[in-house]
Amino acid sequence: MKKKKILTPKIIGKIIVAIIIIAAFIIIPLPGVVSRYMLKVYNDGLIYFIAALGLSVMLGMGGQVTYSTAGIMGVGAYITAILSTKYGWNTGLAIIVALIAGAIFSFVVGLALFRLKGSYFSFASIGLTNLLVTIFSNWMEMTEGPDGITRIPKLDVGFMKFTDFNSYFRLLFIIAIICYLFVLRLRKTSYGRALASVRDNEITAASFGVNCYMTKVYSFVIAGVFACLAGGLYAVHAGFISPEPFKYDQSAIYLIMIMLGGVDSTFGAFLGASLLTIIPEKMRWLNEYYKLIYGVGVIILMIFMPMGLMGIIDNFKYKMIGKIKKRKQSNAIETEAN
Amino acid sequence: MERVLLEVRDVNKAFGGVITAKNVDMKVMAGEIHGLIGPNGAGKTTLLNLISGIYEVDSGHIFFEGNEITNLPAHKRARLGLGRTFQSPRFMNRASIKDNLELGTDLRNQFTYIQSFFGKKGADFYSELEELMEIAGFTFDWNEHITSLPYGQQKLLEIVRAMLAHPTVILVDEPAAGLNKQEQERVSLLLRKAVDSGMGVVLIEHTMEMVMNICDNITVLNFGEVIAKGKPQEIATNPQVIEAYLGGENDA
Ligand SMILES: Nc1ncnc2c1ncn2[C@@H]1O[C@H](COP(=O)(O)OP(=O)(O)OP(=O)(O)O)[C@@H](O)[C@H]1O
Ligand SMILES: [Mg+2]
C-alpha cells in the first residue's frame, strides 16, 4: 500500500513561509527591534509593494507597459488629502472615496488610452502622468501647488486609529497580504488567462472569445485602484504630500521593481519593491554616484536577466527538478533490471 | 437533411493592389469536412481570417447558423461557436499546457470574470481531454510549459484546444504541415471526430493525399477566386485545378 505523504516539500515550504510572515508581522513593529526611521522605510516599502502589485497585473500578466502608476497614485493621495484636510472628512472614508474615484477615473482614461496599442499606449501614459502632475502643481486652491498639502491626519477607521508607525506597519502588512492574495487568485481565473493570451498574441486571444480591448481596460482599472489605495495610504502615512513623488520618473521605478523581481511572478513584485526601497537607503553613502550605479544596474538587469530574480530562481528550480527526475528514472531502470 | 453552418456570400477583399478574395462563395454543412485548397498565396488564410473576423471584408456577407456575422468583432464570432487553429501554432508561450487548454474551456463555459474569480467550476473536461488525447496519440504532464512539446504535438494540441471549446465550426489552417505520416494520420482522426460529433470543419491543407482522403467537399482558390468546387474526385480531375497547380509552384 502507498503511504500518503502529508508533509510534501511543497507543504513544508508553505509552512516555513507562513512562519516567516507571521514572525515579521509580530516582531518587526515591536519596540526596539528596528529604528523609527527604518520602520518608516518599511512602511513606505509596503505601500510601494501595493502599487507594484497593481502594476504586475498590467505589466506582468497583461504585457502592457504603463508609466502612469505614480501619477494615479497621486490621484489617490490628493483625493485623500484634500477630503481630509479641506473638508474635514474621516481619513478612512476619504481613502474609500479615493478608491472609487480611482476606479472610475482609470476606467474612463483606460477606455481612451487603449484605443492606442503597444508603445503608443506607453507614450500616452507618460502624457497622462505629466498632465496629472501639472494639475497637482497648479490647481492652487485644492492642491496648494508645489508646496503641497501638509497636516494630513493619521488614518482613522472609526474604531481604531493608526497614529504610530508600529500599528500602521501591521495594518499595511495585512492590506498588502490581501492584495497579494487577490493577484495570486486572479492569475488562476479566466481573466488571468485572458490577460495572458492578450499579452502573448491578440489574434489568438480574440479567436478564443477574449475582448482584448476591455481586458486591457480592466487591467488598467485594477492597477489604478491598487495605485489609489497605495496613494491614500501614503498620504496618511507621510502626513504631507507634494507633486514630487508622483512624477513620471517614479513611475519608471515601479516598472523596474516588477522587472527586477520578475514579470511572471507575483512574489517578484515583493522582491522588487523591497529591494528598490531598501537598497537606496543602504547606499546613501554613495551620494551622487548612486544614480550612476543604479542606471548601470538597470541596464545589466535587462540584458542578463530579462525574467528578473524570480526567473533565475525558477530556472534553478527547473534544473534541480530535471536532475531529480533523471535520477528517479535511472533508479527505476535499475530496479527493473534487477 | 443538410444544415448550412457557415456561408460566405460574394466576399471581396484586397490589400492595396493585391486581390485576395474575389466574389468568393462557400457553404459549409454540419458534419462536413470542407477542403479549402489552392496554390501558395491564393488567399486561403485570408479567407479564414475574414470568416473569423481578424480582417474585415471589403464587401459581401458572412452568415453563421443563419445569422449574419459580417460586422461582428472576432471575439464575438468565437463566442458564437467559430473556432480555429493557426498556420503556425499559437499558444501562450510563457504558460503551462493546462493554462493553454483552459483558454479553450473558458470559451466553452463563457463565465463572467467575476464568476470565475469566485471559483465557479465548469463541466469537468478531463475525461473529454483524455478521449481526445487518445486520438491524438500522445500524453503529457500538463503542468509543463507548452514549449516543452515538440512541434508536431503542439499542432495536434492546437486542434484539441479548439475542440475543447465545443465550437460549431472549426477553421483549421494547414494542420499537417511539418508533421510526419503518423502525426498526419492523427490529425485526420481528430478532424473526423469533430465532424462525427456534428461540427463543420474548414480544412486548408497542401497535403493532397490527406485532402482527397478526408474531405467531403472541396473549394479551390486561385488568386482569390473560386476556380472549382465539388467532391474530391471531381476536383482531382478538374483541368482548371490541374492547370492552376502546375502553373504555380508545384505543391501537390
Ligand atoms: N495583412 C496583409 N497585408 C497585405 N497583404 C496580405 C495580408 N495578408 C495576406 N496578404 C497577401 O494576400 C495574398 C494571399 O495570402 P494568404 O496568406 O491568404 O495565402 P494562402 O493561400 O494562405 O497561402 P499559403 O498557402 O502560402 O499559406 C498574398 O499575396 C499575401 O501576401
Ligand atoms: Mg496560408
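Look above for the structure.
Throughout what follows, the structure given in this document is the object of discussion.

Cut-offs and rules
- Residues numbered from 1 in each chain as written.
- Chains lettered and ligands numbered in written order.
- Predicted model: local features only at pLDDT ≥ 70, side-chain atom pairs only at ≥ 80, totals over all residues.
- Heavy atoms only, no water.
- Helix = DSSP H or I, 4+ residues; strand = E, 2+ residues; numbered from the N terminus.
- Buried < 20%, exposed > 50% of the residue type's maximum accessible area, 1.4 Å probe, protein only.
- Contact = heavy atoms within 4.5 Å.
- Areas by Shrake-Rupley, 256 points an atom, 1.4 Å probe, with all protein chains shown as cover.
- Pairing = 2+ DSSP bridges.
- Near = heavy atom within 4 Å.
- Polar contact = N/O pair within 3.5 Å; in protein donor to acceptor, adjacent residues only side chain to side chain.
- Nonpolar A, V, L, I, M, F, W, Y, C, P; charged D, E, K, R; others polar.
- Phe/Tyr/Trp six-rings, centres within 6.5 Å; stacked < 30°, edge-to-face > 60°.
- Lys NZ or Arg CZ within 6 Å of the ring centre and 35° of its normal.
- Buried area = accessible area lost by both parts, 1.4 Å probe.
- Salt bridge = Lys/Arg side-chain N within 4 Å of Asp/Glu carboxyl O.
- 1 Å grid on protein atoms, 1.4 Å probe; cavity = no way out; pocket = protein on both sides within 12 Å on 5 of 7 lines; lining within 4 Å.
- Points joined across faces, edges and corners; volume = space filled by probe spheres on them.
- Expected span 1.5 Å × (residues − 1).
- Patch = residues over 30% accessible without salt bridge, like charges linked within 9 Å, V, L, I, M, F, W, Y side chains within 5 Å.
- Core = buried A, V, L, I, M, F, W, Y, C linked by side-chain atoms within 4.5 Å.

1. Here we look at the overall build of chain B
1) Next: When you go through chain B residue by residue, the secondary structure sums to ten helices and ten strands.
2) Next: Taking the principal axes of the C-alpha coordinates as reference, chain B spans close to 55 × 40 × 40 Å.
3) Next: Taken across its 252 residues, chain B has 53% of its residues classed as buried.
4) Next: Once local pairs closer than 6 in sequence are excluded, the contacts in chain B between residues at least 24 apart make up 67%.
5) Next: Within the structure as shown, chain B displays about 11,300 Å² of accessible surface, and the carbon and sulfur contribution to it stands at 48%.

2. Examining the pairing of strand β4 (residues 59–64) of chain B
Residues and elements named next belong to chain B.
1) Next: Of the pairings in the sheet, the one linking strand β1 (residues 4–15) to β4 comprises five bridges and is antiparallel in character. Note on β4: the bridge partner recorded for L6 is F64.
2) Next: Of the strand pairs in this sheet, β4 and strand β5 (residues 67–68) are connected by two bridges, and their pairing is antiparallel. The residue bridging F63 from the neighbouring strand is E68, located in β5.

3. Side note on the site of ligand 1
Residue and element names in this part refer to chain B.
1) Next: In the vicinity of ligand 1 there are 14 residues, among which T20, N40, K44, T45 and T46 approach most closely.
2) Next: Within the side chain of N40, a nitrogen or oxygen atom sits 2.8 Å from an oxygen atom of ligand 1.
3) Next: A distance of 2.7 Å separates an oxygen atom of ligand 1 from a polar side-chain atom of T45.
4) Next: Put simply, the parts of the chain that give the shell around ligand 1 at least two residues each are β2 (18–29) and α1 (44–52).
5) Next: When residues in the shell around ligand 1 are grouped by element, the largest group, three residues, is from α1.
6) Next: In terms of residue class, the shell around ligand 1 is built from four nonpolar, eight polar and two charged.

4. Topic: the packing of aromatic side chains
1) Next: Summed over all chains, the structure comprises 24 aromatic pairs over all chains.
2) Next: With a centroid separation of 5.3 Å and an interplanar angle of 80°, the aromatic rings of F117(B) and F118(B) are classed as edge-to-face.
3) Next: Members of the aromatic cluster, connected to one another through ring pairs, are F49(A), Y180(A), F267(A) and F270(A).
4) Next: When the ring centre of F25(A) is taken as reference, the NZ or CZ atom of R170(A) above it lies at 5.5 Å.
5) Next: Over the ring of W142(B) we find K98(B), and its NZ or CZ is 5.5 Å from the ring centre.

5. What to know about the interface of chain B and chain A
1) Next: Counting from both sides, the interface comprises 30 residues of chain B and, opposite them, 29 residues of chain A.
2) Next: A combined buried area of about 2,500 Å² lies between chain B and chain A, and 59% of that area is made up of carbon and sulfur atoms.
3) Next: Of all residues in chain B, R94(B), Y113(B) and F117(B) give up the largest surface area on contact with chain A, accounting jointly for 31% of the area buried on that side.
4) Next: Run the count over chain B and chain A and you get three salt bridges.

6. Section: the layout of surface pockets
Residue and element names in this part refer to chain A.
1) Next: Size it by volume and the second largest pocket reaches roughly 820 Å³.
2) Next: Lining the second largest pocket are 28 residues, and of these Y48, Q250, I253, L276 and P280 sit closest to its centre.
3) Next: Of all elements in the fold, only α2 (36–61), α11 (248–261), α12 (266–282) and α13 (289–304) reach the threshold of two or more residues within the lining of the second largest pocket.
4) Next: When its residues are assigned to classes, the lining of the second largest pocket shows 18 nonpolar, three polar and seven charged.

7. Topic: helix α7 (residues 181–196) of chain B
An α-helix turns once per 3.6 residues; consequently, residues spaced three or four apart project the same way.
Residue and element names in this part refer to chain B.
1) Next: The end-to-end C-alpha distance of α7, which contains 16 residues, comes to 23 Å, matching closely the 22 Å that a straight helix rising 1.5 Å per residue would cover.
2) Next: Close packing links the buried residues of α7 with β3 (33–37), α5 (126–136), α6 (151–164), β7 (169–173), β8 (200–204) and α8 (208–214).
3) Next: With a side-chain oxygen lying 3.2 Å from the backbone nitrogen of Q182, the N-terminal cap of α7 falls on N180.
4) Next: Among the residues trailing α7, G198 stands out with phi positive, at a value near 100°.

8. Re a nonpolar patch on the surface
All names here are of chain A.
1) Next: A cluster of nonpolar side chains, namely I6, L7, I11, I12, I15, I16, I19 and I20, defines an oily patch on the protein surface of about 770 Å² accessible area.
2) Next: In this structure, I19 sits in helix α1 (residues 9–27).
3) Next: Overall, the relative accessible area of 53% leaves I19 in the exposed class.

9. Side note on unusual backbone geometry
1) Next: If you check the backbone angles, R151(A) has positive phi at about 55° while not being a glycine.
2) Next: Residue placement: R151(A) occurs in the loop between α6 (140–143) and β1 (155–156).

10. So, α6(B)
All names here are of chain B.
1) Next: For α6, spanning 14 residues, the distance from its first C-alpha to its last is 20 Å, which sits close to the expected 20 Å at 1.5 Å a residue.
2) Next: With 13 of its 14 residues buried, α6 lies for the most part within the structure.
3) Next: Phi turns positive one or two residues past the end of α6, at H166, with a value near 55°.

11. Notes on empty space enclosed by the protein
1) Next: Throughout the structure, instances matching the rule amount to two cavities of 30 Å³ or more.
2) Next: Of the volumes computed, that of the largest cavity is approximately 50 Å³.
3) Next: Every residue lining the largest cavity is listed: S207(A), S52(B), A74(B), R77(B), A78(B), L82(B), G83(B), R84(B) and L171(B).
4) Next: The set of elements that each furnish at least two residues to the lining of the largest cavity consists of α2 (74–80) and β6 (82–84) of chain B.
5) Next: A class-by-class count of the residues in the lining of the largest cavity yields four nonpolar, three polar and two charged.
6) Next: Taken as a whole, the second largest cavity spans an internal volume of roughly 40 Å³.
7) Next: Lining the second largest cavity are M58(A), T66(A), S68(A), T69(A), I72(A), F220(A), A223(A), G224(A) and A227(A).
8) Next: Only α3 (69–85) and α10 (212–238) of chain A provide two or more residues apiece to the lining of the second largest cavity.
9) Next: Tallying contributions element by element places α10(A) first for the lining of the second largest cavity, with four residues.
10) Next: Looking at the lining of the second largest cavity, its residues break down into five nonpolar, four polar and no charged.

12. Details of the nonpolar core
1) Next: Membership of the largest hydrophobic core comes to 79 residues, with the highest contact counts inside it found for I50(A), M73(A), F220(A), L233(A), I241(A) and Y254(A).
2) Next: Filtering out sequence-adjacent residues up to four positions away, I241(A) remains in contact with A77(A), Y78(A), A81(A), G148(A), I149(A), I152(A), Y234(A), A235(A) and F246(A).
3) Next: F91(B), L156(B), L190(B) and M208(B) belong to the second largest nonpolar core, which has 44 residues in total.

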